[in-house]
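Residue-level structural notes
Letter by letter, the chains look like this.
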Amino acid sequence: MRAVLSFPPISPEIFSVSLLGMEFSLRWYALAYIAGILIGWRLAVSAVRRPALWRDDTPPMTAAQVEQLLSWVILGVILGGRFGYVLFYQPAYYLSHPAEILMIWQGGMSFHGGMIGVVLAALGFCLLHRRPILPTADMMALATPWGLLLGRLANFVNAELWGRPSELPWAVIFPGEAAQSCGQAVGELCARHPSQLYEAALEGLLLGLALLWLVFVRRATRLPGLVCGVFGAGYGVARFLVEFARQPDAQFVTAGNPWGLAWQVGGYGLTMGQILSLPMILLGLALILTARRRAA
């Protein structure tokens, strides 16, 4: 018998109440978003309240302006995440069903789309309020990984975005027909990589701790763009690697393309997640090199 793990009996809902004939519930995924935003906000406020962390002892904005920026960021995450999913993963479907584009409660959010939305929102805020762009980006990079950590843990609790079939000792038997459809023998359960936990550990916990050390110990924010570059390159590399274990979206998987490669030549290629991660890696490395060159 294979040494694999059963999925823990955790409900996606924390609690549910009936009010006026309607059902209201608080889900772990929603709580992860809320907690991630609050943690990020407090980290950003803590950083701007320490002038010594910043170049010329000048933070990019005040604590009050961080709160104003938060509203822009939330809007960027929601709109960018949704439209990114529509454009990157299922454009043909949503072109045929445009009324469903705004139905975010049905699921379907893209991290890369959300990141683009946040970048555009922050850029607009900086231009409107005449705030420095690179130090603001560093501040936001510091605040981001903890939301990613909680979000990936919520993905695991929801039994979604699981990995490819695996026989490793820590492979998990996820519930649901889709998770159990991996071509196994009749009566045999399909175990998969818990790729959500891989991402939580790499792009959340490990990257988050590295950025905390860079900012509060090494004072890397005194080199504008360096922290943002480390975040971009770090996330891109983490996501690129986890894609080898993560099950690709169903629309990319065919009989002739079981690995779900969005681009391939001669049987080798990249998944959509890897394609979208490459620009983050390159831009992150460019920011790191530019920041260090300016400091030299």
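Everything discussed here concerns the structure shown above.
Described below are features of the structure shown in this document.

Conventions and cut-offs
- Residue indices follow the written sequence of each chain, beginning from 1 at its first position.
- Two thresholds apply to this predicted model, a pLDDT of at least 70 for residue-level local features and 80 or more for giving and counting side-chain atom pairs, whereas whole-chain, interface and lining totals are computed over all residues.
- The basis for every side-chain value is the complete set of non-hydrogen atoms in the structure, without hydrogens or water.
- Helix numbering and strand numbering both begin at the N terminus, where a helix is a DSSP run of H or I of at least 4 residues and a strand a DSSP run of E of at least 2.
- Throughout, radius of gyration means the C-alpha value; the globule benchmark is 2.2 Å times the number of residues raised to the power 0.38.
- Remark: exposure states derive from per-residue accessible area (1.4 Å probe, protein chains only) relative to the maximum for the residue type, with buried under 20%, exposed over 50%, and partly exposed in between.
- Contact criterion: two residues are considered in contact whenever any of their non-hydrogen atoms come within 4.5 Å of each other.
- Here a pair means two rings of Phe, Tyr or Trp (six-membered ring of Trp) with centres within 6.5 Å. Their orientation is stacked below 30 degrees between planes, edge-to-face above 60, and tilted elsewhere.

The helix and strand inventory of the chain stands at nine helices and six strands. Radius of gyration (C-alpha) of the chain: 21 Å, near the 19 Å computed for a compact globule of 296 residues. Along the first, second and third principal axes, the C-alpha set of the chain runs to 65 × 60 × 40 Å. In the chain, buried positions account for 43% of the 296 residues. The contacts in the chain between residues at least 6 apart in sequence include a share of 69% that link residues at least 24 apart.

Quick look at the packing of aromatic side chains now. Between two aromatic rings, the relevant description is the distance of the centres plus the angle of the planes. Overall, the coordinates contain nine aromatic pairs when judged by the stated rule. An angle of 80 degrees between the planes, with centres 5.6 Å apart, marks the rings of Trp72 and Phe125 as edge-to-face. You can see Trp72 sitting in helix α2 (residues 63-88) and its partner Phe125 sitting in helix α4 (residues 111-129), a full 53 residues away along the chain. On the basis of relative accessible area, Trp72 is assigned to the partly exposed category, the value being 31%. For the ring pair Phe156 and Phe174, a centre distance of 5.8 Å and an interplane angle of 80 degrees mean the geometry is edge-to-face. Here Phe156 is found in helix α6 (residues 145-157), whereas its partner Phe174 is found in the loop between β4 (172-173) and α7 (195-216), with 18 residues between them in sequence.

With nine of 11 residues buried, helix α5 (residues 133-143) lies mostly within the body of the structure. Where α5 is concerned, the buried positions are Pro135, Thr136, Ala137, Asp138, Met139, Met140, Ala141, Leu142 and Ala143.

This brings us to the environment of Gly232. Summarising the element assignment, Gly232 is placed in helix α8 (residues 226-242). Under the relative-accessibility criterion, Gly232 is labelled buried at 9%. Taking C-alpha positions, Gly232 is 29 Å from Ala92, a pair spaced 140 residues apart along the chain. If sequence neighbours within four positions are ignored, Gly232 has contacts with Met280 and Ile281.

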